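Analysis of the macromolecular model
Each chain is listed here by its residues.
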Amino acid sequence: MNEKLGKEIQFIKGVGPSRATLLNKLGIFNLKDLITYFPREHEDRGKIKTISELVNGEETLISAYPAGRVNEIKIRKNLTLYKLIVRDETGSCEMTWYNQSYLKNMFRMDTRYKFFGRVSRNFNKISMQSPVYETEDSNRNTGKIIPIYPLTYNLSQNTIRKIIENGLKEVDGKLEETLPKYILEKYNLYDYNTAIKQIHFPDSFANFNLARKRLVFEELFSMQLALLSLKNKYEIKKAGISFSKQAKMMDIIEKLPFKLTKAQIRVLEEIDKDMESTKPMNRLMQGDVGSGKTVVALIAAYKAVKSGYQATIMAPTAILASQHLETFNDILSGLGIKCELLISGITKKKKEDILNRLTEGKIDILIGTHAILEENVIFKNLGLVVTDEQHRFGVRQRSTITEKGNNPDVLVMTATPIPRTLALILYGDLDISIIDELPPNRKKIETYAVTKQMEARVNNFIIKNIEEGRQCYVVCPLVEENEEIDAKSVMEIYENYKNNVFSKYRVEYLHGKMKQKEKDAIMEEFKNGNIDILISTTVIEVGVNVPNSNIMVIENAERFGLAQLHQLRGRVGRGEYQSYCILKYQGNSQIIRERMKIISSTNDGFVISEKDLELRGSGEFFGTKQHGLPEFKIANLFEDIDLLKQVQGIAMEIIDKDPLLENKENVLLRNLVDEKFKNRIEI
């Protein structure tokens with residue numbers, strides 16, 4: 001059957017080369033893609049109501065006769081209205097369509113038709129705009145529960161429905177089961193054939209719910225199994241390093257010029273326990289912007305070095321790596337620990353020198369960007385790997401760097417707050433530590449959501465702060481102006497600020513299309529206080545520390561996710577000055593107002609990420625592609641949180657008994673994991 005599922009989409013009945021191109025845009029390339037292209041919703045077009053029963057605003061099905069011919073009304077050039085009055089035993093209803101001239105000869109007065117659409121009831125007049133229709137004896141688009149698919153331009157619902165129907169006929173009852181019988185029976189799940197049929201064309205909403213439960217279960221379950229298998233692979237492969245109990249973290253903690261928070265101490269205890277055990281550490285450290293993750297990584301690196309090993313810290317950008325080096329040198333240089341920086345911009349001679357000293361063991365801690373992943377970077381005795389902002393690297397790169405040591409301990413840091421249960425989905429191969437407390441000296445960033453009317457006040461406020469010696473970030477969603485999107489661009493604002501609004505001050509810009517060297521140079525200038533206003537896209541989102549900058553203005557804030565707004569806000573508030581985040585937004589929809597209210601009312605990244613997930617759904621929230629994990633086709637992490645918790649428990653139970661899924665009863669699970677995750681993560 002598997003070969004059949006690979007059948008190219010253009011050879012499915014009703015497709016052909018031109019439609020195949022449109023389907024490709026939806027990610028549908030073969031029969032398997034087609035039958036797993038799930039509807040976004042279903043409409044109940046099964047229950048017929050009489051015209052007198054129609055309720056304003058409801059989508060309803062009626063059965064009626066045309067009361068006359070279709071009336072054609074030309075409104076203006078390129079806009080013609082077609083009206084038809086229909087009647088049943090209880091009353092009449094006016095149907096209207098736009099620019100559909102073929103309707104003139106479509107309806108016969110002696111034939112009864114079904115019409116489905118949204119009802120409008122004003123005073124005594126009942127109407128439907130652009131209803132779906134067919135003769136009473138037809139059952140293609142009415143008379144049952146109808147799937148509605150996410151579509152691309154030029155593909156109608158009718159067309160894709162028919163193509164999917166044809167695809168389902170080819171596999172009817174012949175699909176191979178993907179879950180073992182004991183799982184289906186124990187958890188009362190539909191078999192795969194029934195689930196696929198009922199998810200598209202359900203006989204009832206009860207059947208649809210059971211089909212969806214089965215498919216969501218499989219999607220979440222296979223991901224959990226894959227991640228737990230990966231974790232097990234790390235743990236089973238060979239023993240990890242058992243770092244010395246004599247290398248005490250307290251020795252360095254006591255030398256710090258500041259006091260650690262209770263949360264930092266708690267996370268360090270978890271890391272210390274991991275490092276001293278024989279199992280390799282694979283830990284995710286989550287902490288809000290400014291919660292002090294870097295110093296925790298520094299203390300872990302200190303323990304590794306004092307136990308006779310090297311450590312490496314991998315950051316997503318050169319400027320962030322340089323910042324980490326400064327922090328590490330400030331605290332560790334007096335203790336005889338040698339730190340070095342490896343980034344792509346250094347001279348060939350300097351790089352050769354670093355690589356030689358690294359191989360000889362004369363460098364204790366190597367801090368750098370993805371340059372560390374290069375083959376010629378060879379450690380003498382790598383014991384600890386720290387990756388900063390994990391979502392910039394992904395599972396595969398993490399395994400590349402760990403292969404540079406003999407099963408080293410791994411600590412992954414992220415400032416993207418993810419609700420704990422969801423972190424288990426993305427990082428199921430890692431143990432999780434959370435720093436859920438900010439240092440006591442951190443001032444709350446005052447956040448204000450404003451509309452265009454406040455522009456002058458905002459500009460005056462920026463000037464006042466610059467005159468006091470502060471600096472300001474301005475973040476835009478676009479690099480250049482875009483006629484199709486009504487959003488401010490970096491270049492548009494830069495020209496206006498530099499030549500008009502802030503012509504007295506030093507204004508500079510930054511965006512992702514620039515070369516890394518240029519970006520680093522501008523950030524360095526900003527950091528050194530030589531730029532007053534920096535206009536940028538979200539490239540400034542990650543970790544750079546400019547304590548003197550105390551204002552973050554975000555243009556078109558409605559175009560960013562809440563978690564991203566929170567990340568951007570975290571670029572300020574890093575020094576002694578009261579800091580502000582000003583969200584300029586357009587649009588007055590309820591969801592925009594609600595999002596602005598949430599971000600203005602709380603500085604807690606975890607609360608914000610929960611709300612973000614609730615408002616936007618999981619696909620957009622994560623963009624899971626960048627994690628090296630497959631996109632969810634049907635699961636919604638917010639709606640399906642209870643099922644997620646259930647499958648996590650089931651997956652753990654199975655992996656405990658059968659770590660490599662080798663038992664006969666788990667052959668299908670092994671196949672499922674291999675098939676879903678091949679080429680994504682090495683399991």
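If you're wondering where the values come from, they're calculated on a predicted model, not measured in any experiment. (Residues numbered from 1 in each chain as written. Predicted model: local features only at pLDDT ≥ 70, side-chain atom pairs only at ≥ 80, totals over all residues. Heavy atoms only, no water.)

Counting its secondary structure elements, the protein contains 23 helices and 23 strands. Within the span of the protein, comprising 683 residues, buried residues form 53% of the whole. Here the contacts in the protein between residues at least 6 apart in sequence split such that 72% fall between residues at least 24 apart. Summing over all exposed atoms, the protein offers an accessible surface of approximately 31,800 Å²; the carbon and sulfur share of this is 48%. (Helix = DSSP H or I, 4+ residues; strand = E, 2+ residues; numbered from the N terminus. Buried < 20%, exposed > 50% of the residue type's maximum accessible area, 1.4 Å probe, protein only. Contact = heavy atoms within 4.5 Å. Areas by Shrake-Rupley, 256 points an atom, 1.4 Å probe, with all protein chains shown as cover.)

With that settled, consider helix H10 (residues 293–306). Over its 14 residues, H10 extends 20 Å from the first C-alpha to the last, a length consistent with the 20 Å expected when each residue adds 1.5 Å. Burial runs high along H10: twelve of the 14 residues are buried. Taken as a whole, H10 has its buried residues at Lys293, Val295, Val296, Ala297, Leu298, Ile299, Ala300, Ala301, Tyr302, Lys303, Ala304 and Val305. Once H10 ends, the next one or two residues include Gly308, with phi positive near 95 degrees. (Expected span 1.5 Å × (residues − 1).)

With that settled, the discussion passes to the pairing of strand E19 (residues 471–475). By the criterion of burial, E19 is predominantly enclosed, with five of the five residues buried. Going residue by residue along E19, you find Gln471, Tyr473 and Val475 tucked away on one face and Cys472 and Val474 tucked away on the opposite face as well. For E19 and strand E22 (residues 549–554), the ladder comprises five bridges, and the chain directions are parallel. If you follow Val474 over to E22, its bridge partner there is Val553. For E19 and strand E21 (residues 533–536), the ladder comprises four bridges, and the chain directions are parallel. (Pairing = 2+ DSSP bridges.)

A word on the sheet that holds E19. Read from one edge of the open sheet, six strands run E18-E23-E22-E19-E21-E20, paired in parallel fashion. Edge strands, defined here as strands with exactly one partner in the open sheet, are strand E18 (446–450) and strand E20 (507–510). Adjacent strand axes in the sheet meet at a mean angle of 20 degrees when their direction is disregarded. Strands in contact with helix H17 (residues 516–527) are E19, E20, E21 and E22; relative to E20, the strand with the most contacts, it is inclined by about 145 degrees. (Axes fitted to C-alpha atoms, helices over the stretch in contact; angles between N-to-C directions.)

Taken over all residues, the pLDDT of the protein has a mean of 85, while the share at 70 or more is 88%. Counting contacts from residues 482–486, a segment whose pLDDT is below 50, to residues more than four positions away or on other chains yields three contacts. For residues 619–628, every residue scores under 50 in pLDDT, and the model assigns this stretch 25 contacts once sequence neighbours within four places are set aside. (pLDDT = per-residue confidence, 0-100.)

One way to put it is that helix H9 (residues 262–276) packs onto H10 with a least axis distance of 10 Å and a crossing angle of 30 degrees. By the criterion of interaxial angle, the relationship of H9 to H10 is roughly parallel. The chirality of how H9 crosses H10 is right-handed. Every residue of H10 that contacts H9 at Gln264, Val267, Leu268, Ile271, Asp272, Met275 and Glu276 is listed here: Val295, Val296, Ile299, Ala300, Lys303 and Ala304. Looking at the contact of H9 with H10 residue by residue, the classes come out as nine nonpolar, one polar and three charged. (Parallel < 35°, antiparallel > 145°, perpendicular 65-115°, else oblique. Left-handed = near helix turned anticlockwise from the far one by under 90°. Nonpolar A, V, L, I, M, F, W, Y, C, P; charged D, E, K, R; others polar.)

Moving on, we come to the nonpolar core. Among the nonpolar cores identified, the biggest contains 59 residues, and Leu179, Ile183, Phe217, Phe221 and Leu225 are the most heavily contacted of them. Elements represented by at least two residues in this core include exactly helix H2 (16–25), helix H3 (31–35), helix H4 (157–171), helix H5 (181–186), helix H6 (192–200), helix H7 (205–237), helix H22 (641–657) and helix H23 (667–677). Here this core gets twelve residues from one element, more than from any other, and that element is H7. Excluding residues within four positions of it along the chain, Phe221 makes contact with Leu179, Ile183, Val647, Ile650, Ala651, Ile654 and Leu669. Residues Leu256, Leu260, Tyr302 and Ala304 belong to the second largest nonpolar core, which totals 45 residues. (Core = buried A, V, L, I, M, F, W, Y, C linked by side-chain atoms within 4.5 Å.)

This structure, assessed with the given rule, holds 35 salt bridges. Notably, a salt bridge pairs Lys74 with Glu72, separated by 4.0 Å at the nearest N-O pair. We classify Glu72 as partly exposed; its relative accessible area is 32%. Residues participating in the shared-partner salt-bridge network are Lys245, Asp272, Glu276 and Lys303. (Salt bridge = Lys/Arg side-chain N within 4 Å of Asp/Glu carboxyl O.)

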